[in-house]
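Here are the chains, one letter per residue:
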Amino acid sequence: MLQKAPGKSCGSCTMCCKSLEIDVFKKPMGVLCTHCVNNSGCTIYETRPDVCRDFLCEWIMDRTMSPVLRPDRIGTIFMEDPDNDDYQAVCDPSKPYAWRNPLVFKHLVQMAKNGHTVIAKSGLRAWRVYPDGHATEWS
Ligand code: SF4
Ligand code: SF4
């Protein structure tokens, strides 16, 4: 079961309620969920669907990840795929190159060095980030 790291909280971040696609609401990527009050949170928290209950981003689960990397501060959500070694950086569509922020990019290169297949995504575009610090468009 996924767990928040001690001392971590979403605070005013609502990035996953905006940037991710949520089928059960037919909500596309990049559109704030109608149940979300920006900078406040979920208005149906007790009855939110399982897909929301089951989601935690990497930042909130990793006690070592710096506060400056909180998703709303960098415009990027980090997610690890439980079924393979993929590590994704999903950008807020209004900040499609947020993954190029030096702070974010440094983290992505480190994850690639750690053996992950690192993919930065923005809308329908994606880029692979490599351990040597270069990136190429990914299709
Ligand atoms: S993206 Fe992470 S920190 Fe932000 S609201 Fe979602 S779970 Fe919380
Ligand atoms: S139902 Fe609540 S937790 Fe789920 S996306 Fe909407 S605002 Fe976020």
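Scope of this entry: the structure provided in the associated data block. (Residues numbered from 1 in each chain as written. Chains lettered and ligands numbered in written order. Predicted model: local features only at pLDDT ≥ 70, side-chain atom pairs only at ≥ 80, totals over all residues.)

## Here's the deal with the sheet that holds strand E6 (residues 125-129)
Our working rule: Only when DSSP finds a minimum of two bridges between them are two strands counted as paired. Put simply, DSSP marks the helices as runs of H or I at least four residues long and the strands as runs of E at least two long, and each gets a number from the N terminus on. Fitted lines through C-alpha atoms serve as axes, helices being fitted only where they are in contact, and the angles separating the N-to-C directions of these axes extend from 0 to 180 degrees. We call two residues in contact whenever the C-beta atoms placed from their backbones are within 7 Å.
Taken together, five strands build an open sheet; the order of strands is E3-E4-E5-E6-E7 and the sheet is mixed. Each edge of the open sheet carries a strand with a single partner, namely strand E3 (76-80) and strand E7 (135-138). Adjacent strand axes in the sheet meet at a mean angle of 25°, parallel and antiparallel pairs treated alike. Two strands pair when backbone bridges link them, and strand E5 (residues 117-122) and E6 are joined in this way by five bridges, in the antiparallel orientation. The partner of serine 122 across the bridge, within E6, is arginine 125. Across the sheet, helix H5 (residues 102-113) touches E3, strand E4 (86-91), E5 and E6, and the angle it forms with E5 is around 145°.

## Some words on the nonpolar core
What counts, and what does not: For our purposes the nonpolar core covers buried Ala, Val, Leu, Ile, Met, Phe, Trp, Tyr and Cys residues that link as a set through C-beta atoms within 7 Å. In this scheme every C-beta is placed from the backbone, and a residue whose C-beta has 20 or more other C-beta atoms within 10 Å is buried, one with 12 or fewer is exposed, and one in between is partly exposed.
The biggest cluster of nonpolar side chains holds 23 residues, and the ones touching the most others in it are Cys57, Ile77, Ala89, Trp99, Leu108 and Ala120. Looking at this core, the elements that each hand over two or more residues are helix H1 (15-19), helix H3 (58-61), E3, E4, H5 and E5. When residues of this core are assigned to their parent elements, the largest contribution, four residues, is made by E4. Discounting residues that sit within four places of it in the chain, tryptophan 99 has contacts with Thr76, Ala89, Cys91, Val104, Phe105, Leu108 and Ala120.

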